[in-house]
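Spelled out, the chains give:
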Amino acid sequence: MISCNKQLRLYSVLIPARDEEESLPETLADIYSLFTAAGIPHEIVVIDDGSRDKTWQVLQNLKITSIPTLTPVQNPEPHGFGRAIIYGLDHSHGDAVVIMMADASDSPADAIKYWHLLNEGWDCVFGSRFIKGGKVINYPKVKLWVNRVANFLVRLGFRHGLNDTTNAFKAYRRTAVDGCRPLIAPHFNLTVEIPLKAIVRGFTWTVIPISWKNRKHGVAKLKIKEMGSRYFFICSYVWLEKYFSRGDYKHKGNNS
Ligand SMILES: Nc1nc2c(ncn2[C@@H]2O[C@H](COP(=O)(O)OP(=O)(O)O)[C@@H](O)[C@H]2O)c(=O)[nH]1
Ligand SMILES: [Mg+2]
C-alpha cells in the first residue's frame, strides 16, 4: 500500500566513513556521476567519524575539485557507526535519505531505483541481495553464513517477510526516519533499528533486488563478536515494542 504521492525535493545520501581515504574518491565519483546523469537533486553527506587517516582532507579536496554536491561533516566524539548516521540525519536537508557505504559495496544504480520508488509514494524502500535478481560479489564465507542465520532469526521474530533486514543500504522518506525516533543504536546495530521500527510503526515499505560487492581497499570493520549482543538488544527492544506497546508509537495516518 502506498501512502503518499508527494514528489520529493532532495535526496540525501548519507555515508558513514572511518579511515576510508582510499575508497572514497571512486565511491563518490560513481554516485555523483550517476545521480547527475539521472537528474536527481541530491546532496552527499559523508560523515567522517574520527578517521585517523587522510579521510577528511580527501573529502575537502573532492568537494572543491570534482564533487560539488558533497558536504562532508565530522561526527564529534563519542564515535560509532550508528552515532555517525544519526549525526548525518541531523545535518542533512533532504526529504528523502539513503544510507550507503563508503567502500562502494552498494550500487548507485540501485539507489536511483530507491529514489523513484520513494517518489511513487513508499515511505521506505529496502533492498535484498537474497531474492531473485539480487547479487553478492566476494562476500566472505563466514560473514555470509552469520548473515543468513541472523536474518532468518529476525524474520522469525518479526514475521515481516524481509530476508535482508541487516543491510544498511536502504532509503526512507524523512518523515519515516523521524517517525522512528528516538534512535538509540550507537553502532552497526542502527542498521536494524531503523527498518524494524519503520515496519513495526506502520510505515509503508517495498523491496527490490540489489547487488553488493566486497571492498577493494582497506579493511572491513564490522566485528560480529562485538556486535552480536548489540543486535540482539536492539531487536529485542523493537520486538517488545511490536508485541507489547499496544501501538503507542505507531505512525498515525498519512502525514508524509
Ligand atoms: N562512522 C563510522 N563509520 C564506520 C565505522 N566503522 C565502519 N564504518 C563505515 O561503515 C561502512 C561499512 O563498514 P565496513 O568496514 O565496510 O563494514 P563491513 O563491510 O560491513 O564489515 C563503511 O562506510 C565504513 O567506513 C565507525 O566506527 N564509524
Ligand atoms: Mg564493507
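Residues numbered from 1 in each chain as written. Chains lettered and ligands numbered in written order. Predicted model: local features only at pLDDT ≥ 70, side-chain atom pairs only at ≥ 80, totals over all residues. Heavy atoms only, no water.

Trainee: Give me the lowdown on the packing of helix α5 (residues 141-158) against helix α8 (residues 224-244), citing residues and values where you can.
Mentor: Pairs of packed helices are described in terms of their axes, by the angle between the two and the distance that separates them. Two elements in contact, α5 and α8, have axes whose closest approach is 11 Å; the angle formed by their N-to-C orientations is 15 degrees. If you check the angle between α5 and α8, you find them roughly parallel. Handedness of the α5/α8 crossing: right-handed. Contacts between α5 and α8 involve Lys 143, Val 146, Val 154, Gly 157 and Phe 158 from the first element and Ile 224, Cys 235, Val 238, Trp 239, Lys 242 and Tyr 243 from the second. Grouping the constituent residues of the contact of α5 with α8 by class yields eight nonpolar, one polar and two charged. (Axes fitted to C-alpha atoms, helices over the stretch in contact; angles between N-to-C directions. Helix = DSSP H or I, 4+ residues; strand = E, 2+ residues; numbered from the N terminus. Parallel < 35°, antiparallel > 145°, perpendicular 65-115°, else oblique. Left-handed = near helix turned anticlockwise from the far one by under 90°. Contact = heavy atoms within 4.5 Å. Nonpolar A, V, L, I, M, F, W, Y, C, P; charged D, E, K, R; others polar.)

Trainee: Let's hear about the pairing of strand β1 (residues 11-17): which residues, and what values?
Mentor: A regular strand carries its side chains on alternate faces of the sheet. Where burial is concerned, most of β1 is hidden: seven out of the seven residues are buried. With burial as the criterion, each face of β1 is covered, one bearing Tyr 11, Val 13, Ile 15 and Ala 17 and the other bearing Ser 12, Leu 14 and Pro 16. By the bridge criterion, seven bridges tie β1 to strand β2 (residues 42-48) in an arrangement that is parallel. When the bridges of β2 are listed, Ile 15 appears paired with Val 46. Handedness of the crossover is the feature at issue here: the chain leaves β1, passes through helix α1 (residues 24-37), returns alongside β2, and the resulting connection is right-handed. Taken together, the four bridges between β1 and strand β4 (residues 96-99) define a ladder with parallel strand orientation. Pairing of Val 13 across the sheet is with Val 98, part of β4. (Buried < 20%, exposed > 50% of the residue type's maximum accessible area, 1.4 Å probe, protein only. Pairing = 2+ DSSP bridges. Right-handed = clockwise from strand over helix to strand, strands pointing away.)

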